[in-house]
Amino acid sequence: MPGREPSEEELNRLAAALGGLAPRGGLNRDRLMYLAGQAAAEPSSARIGRWAWPTGTAALVVLSATLTALLVLRQPQVVVRMVYVPAPAAAPIEATTGADVSLPPRSNESPSMRQSRDPLDAAPRDDTPPTLRMIGGPPRLGPQPTYGQLRDAVLTWGVDALPEQTAATGGASSPTAPLGQRELLKALLEEASPHRGDAS
Amino acid sequence: MSALGPEVLGRILDEHAAALVLYARQWCDSPEDVVQEAVLALVRQRTPPAEVAPWLFRVVRNGAIAAARRSGRRHRREQAVAAARDEWFLPTEGDGLDAAAASAALAGLPLEEREAIVARLWGGLSFDQIGKLSGTSSSTAHRRYQTGLAALRERLGVTCPDENPPKKN
């Protein structure tokens, strides 16, 4: 009678009969209990540790990308800095010549100022830098400076470093002092004709 | 550390392991592996679910479907269900239903009806739980169950006694 709908009671009996069948398990219960104990004893930190490296790697990748973008997109920044570079110390003239280099004292110069611009006096005080030491003024040259001394003084300080004319011409009365062309001609004429002066 | 003790876990396995394997067998070829993973997932839960059996059936269902997709043999599995149906139940003794016949009849049902019958008869779930499990209402789950049972009745050849038997002369 396939056309007749089964009643609720018939279905319940069939369900009870089917429920009497035991499903085939196939599970190894002891092994599953062992694995369950192993999983239960696994610390939560180990589970977290599985994600530690991937998370750290991802964070570093993001950080690197951000820093690279900042480096590429950053505007160049100009920083103005004042740098004081000490000038190389000029060779002291006194050391090269060994002669008595001394400038004549100036009339409107106080002793302290004179002492400060005197390279010989300033030499022992090494606390002042060489550049500032040269700012004090031209060195004093002796009465008979050599060519090298004059050259160094002129190249360093200009023509003002030359000894004053009075110092060179002050000894005109000395026999070794050079004469001008006119004076030299006159002296030669007098020597050539000694009597001529007497006649006149 | 798991909140489930070994005694509780052992009782859960004794009550539901075979039904879970039968339930997973409806989708995949390796139901034991799926059930094992579900049990281990249950152990790893810090707070055990309020209803352990529906939770296990849901995890097993998802795992079995995922395993079937991974294997890529879902269609062939449907064809191989009939060939492997003799493994679904243990052999019966006495006057009960024949295990092989019951397996064959059950394998011939649509998957939705099979799922409802297995979850109801061997899993012990309510129709409301079955509906939540399969994503339907409880009435739909009940209808599938009734329809499947009726089909099984016909396939197994269980004849109902006629309520109005013809009178013998």
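So, how was this worked out
Residues numbered from 1 in each chain as written. Chains lettered and ligands numbered in written order. Predicted model: local features only at pLDDT ≥ 70, side-chain atom pairs only at ≥ 80, totals over all residues. Heavy atoms only, no water. Contact = heavy atoms within 4.5 Å. Buried area = accessible area lost by both parts, 1.4 Å probe. Salt bridge = Lys/Arg side-chain N within 4 Å of Asp/Glu carboxyl O. Polar contact = N/O pair within 3.5 Å; in protein donor to acceptor, adjacent residues only side chain to side chain. Helix = DSSP H or I, 4+ residues; strand = E, 2+ residues; numbered from the N terminus. Nonpolar A, V, L, I, M, F, W, Y, C, P; charged D, E, K, R; others polar. Core = buried A, V, L, I, M, F, W, Y, C linked by side-chain atoms within 4.5 Å. Buried < 20%, exposed > 50% of the residue type's maximum accessible area, 1.4 Å probe, protein only. Axes fitted to C-alpha atoms, helices over the stretch in contact; angles between N-to-C directions. Parallel < 35°, antiparallel > 145°, perpendicular 65-115°, else oblique. Phe/Tyr/Trp six-rings, centres within 6.5 Å; stacked < 30°, edge-to-face > 60°.

Visitor: Please explain the interface of chain B and chain A as it appears in this structure.
Guide: Reports often express the size of an interface as the amount of accessible area lost when the parts come together. Every contact between the two is made by 44 residues of chain B and, on the other side, 31 residues of chain A. The contact between chain B and chain A buries some 3,300 Å² in all, and 67% of this surface belongs to carbon and sulfur atoms. A salt bridge links R29(A) to D14(B); the nearest nitrogen and oxygen atoms lie 2.8 Å apart. Summed over the shared surface of chain B and chain A, the number is 9 residue pairs in polar contact (both at pLDDT 80 or more). Those elements that place two or more of their residues in the side of chain B that touches chain A are α1 (6-24), α2 (31-44), α5 (99-107) and α8 (138-156) of chain B. Take the side of chain B that touches chain A: its biggest share by element is 9 residues, from α1(B). By residue class, the composition of the side of chain B that touches chain A is 29 nonpolar, 5 polar and 10 charged.

Visitor: Please clarify how the nonpolar core should be interpreted in this entry.
Guide: For soluble globular proteins, the rule of thumb is that nonpolar side chains tend to be buried together. In terms of nonpolar packing, the biggest core is built from 61 residues, with L18(A), L106(B), W122(B), L149(B) and L152(B) touching the most fellow members. With 10 residues, the top contributor of residues to this core is α1(B).

Visitor: Help me understand the packing of α1(B) against helix α6 (residues 111-121) of chain B, please; the structure alone is not making it clear to me.
Guide: A packed helix pair is summarised by two numbers, namely the angle formed by the two axes and the spacing between the axes. Residue and element names in this part refer to chain B. One way to put it is that α1 packs onto α6 with a least axis distance of 10 Å and a crossing angle of 180°. Between α1 and α6, the angle falls in the class roughly antiparallel. Taking contact as the criterion, the partners of A19, L22 and Y23 in α1 are, on α6, E115, V118 and A119. Residue composition of the contact of α1 with α6, by class: 5 nonpolar, no polar and 1 charged.

Visitor: I keep staring at the packing of aromatic side chains and nothing clicks. Help me out?
Guide: The geometry of an aromatic ring pair comes down to the distance between the two centres and the angle between the two planes. Residues and elements named next belong to chain B. Tallied over the full model, the rule gives 4 aromatic pairs over all chains. Summarising the aromatic geometry, the rings of Y23 and W27 are spaced 5.1 Å apart at their centres and angled 80° between planes, so their arrangement reads as edge-to-face. Classification of Y23 as buried rests on a relative accessible area of 0%. For W27, a relative accessible area of 4% corresponds to the buried category. Ring centres of F89 and W122 lie 5.0 Å apart, and the angle between their planes is 40°; on these two criteria the pair is classed as tilted. Residue F89 is located in the loop between α4 (74-80) and α5, and its partner W122 is located in the loop between α6 and α7 (127-134); the two are separated by 33 residues in the primary sequence. W122 matches F89 in its accessibility class, with the two residues each being buried. Taken together, Y23, W27 and F57 form an aromatic cluster joined through their ring pairs.

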